[in-house]
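Here is how the chains run, residue by residue.
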Amino acid sequence: GCTAITFFSDNGCRTFTVCDQETSGFSVETTIYQKASDGYVFVATGKFCSDGAQNLNRIWASLKGWGDLQKCKQLCDDTLGCTAITFFSDNGCRTFTVCDQETSGFSVETTIYQKVPQCIAGADGTICIDDRVVTQWTIAEGGDDGWYWGYIQSVESATRATIQYDDGDTWTGHGQYIYTSVPVSPVTLYQ
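Summary of the structure given here.

1. Focus: the state of the cysteines
- Considering all chains together, one arrives at 4 disulfides under this definition.
- Sulfur-sulfur distance for the disulfide between C72 and C93 comes to 2.0 Å. Judged by the torsion about the S-S bond (75°), the C72/C93 disulfide is right-handed. Linking C72 in helix α1 (residues 69–77) with C93 in strand β8 (residues 93–96), this pair joins segments that are 21 residues apart in sequence. Side by side, C72 and C93 carry an identical accessibility label, which is buried.

2. Brief notes about the nonpolar core
- Membership of the largest hydrophobic core is limited to 12 residues, which are A4, C19, I32, Y40, F42, C72, C76, C82, I85, F87, C93 and Y113.
- Of all the secondary structure elements, the ones that give two or more residues to this core are β4 (40–45), α1 and β7 (84–88).
- With sequence-adjacent residues up to four places away left out, I85 is seen in contact with C49, L69, C72, K73, C76, R94, T95, F96, T111, I112 and Y113.

3. Describing unusual backbone geometry
- Of note, N91 is a non-glycine position whose phi angle comes to about 70°, a positive value.
- With respect to the element layout, N91 can be found in the loop between β7 and β8.
- Here the phi dihedral of D130 falls at roughly 80°; this positive angle occurs in a residue that is not glycine.
- Counting through the fold element by element, D130 comes out in the loop between β12 (125–128) and β13 (132–137).

4. A short note on the pattern of salt bridges
- Tallied over the entire structure, the rule returns 3 salt bridges.
- Close ionic contact of D51 with R58 constitutes a salt bridge, the shortest N to O distance being 3.2 Å.
- Note on D51: relative accessible area 19%, which makes it buried.
- The residue K115 makes a salt bridge to D77 at a minimum N-O spacing of 3.9 Å. Remark: D77 occurs in helix α1 and K115 occurs in strand β10 (residues 110–115); sequence separation between them is 38 residues.
- Residue K115 is classed as partly exposed on the basis of its relative accessible area of 27%.

5. Details of α1
- Those residues of α1 that fall on the buried side of the exposure criterion are C72, K73 and C76. Buried positions in α1, seen along its axis, are confined to an arc of 95° and lie on one side of it.
- Looking at the buried positions of α1, the neighbouring elements they touch are β4, β7, β8 and β10.
- Structurally, the start of α1 carries an N-cap: the backbone nitrogen of Q70 is 3.3 Å from a side-chain oxygen of D68.

Conventions and cut-offs
Residues numbered from 1 in each chain as written. Predicted model: local features only at pLDDT ≥ 70, side-chain atom pairs only at ≥ 80, totals over all residues. Heavy atoms only, no water. Disulfide = S-S within 2.5 Å. Helix = DSSP H or I, 4+ residues; strand = E, 2+ residues; numbered from the N terminus. Buried < 20%, exposed > 50% of the residue type's maximum accessible area, 1.4 Å probe, protein only. Core = buried A, V, L, I, M, F, W, Y, C linked by side-chain atoms within 4.5 Å. Contact = heavy atoms within 4.5 Å. Salt bridge = Lys/Arg side-chain N within 4 Å of Asp/Glu carboxyl O. Arc of directions from axis to C-beta. Polar contact = N/O pair within 3.5 Å; in protein donor to acceptor, adjacent residues only side chain to side chain.

Geometric values such as these leave the question of function open.
What follows is the structure in structure tokens.
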């Protein structure tokens, strides 16, 4: 199955079963996202999360030799509001509330990891992994306008989730199309 995607700044996307990273030769910006079993996704090497205006993005920063990658991720997990880390090859760590990427000017290798959200905003409220949800397969999409039930299998980004439907199919899409109950149409109410 799919383990990684390359997302292009012109909204293009490629999926991969294995991700062997190469320097981009594309004329648009590319970002690699990989599925992770530890709750984090690799974002980029050679970049870092910037501190932001008045250092508002950064929560904490260590000195070199502080600890390994797992310790850095654990610190982020234990820190309210932490959504991303920059890990340094000299075992330095920085934690952030927001990750605005910048090209690294550091003398050591830097890598950004972001936490995979467990919940996103759905069409009618917050939806989380394992929640029961429903989506409509519209005629415009080639469907039958029927509503199909399933469960949130995974959250892929801050706005997208994958549904495992009751019939075994899966779909990944934007939370704006995912409901916790079938919406009632005003036309239906007055018929």
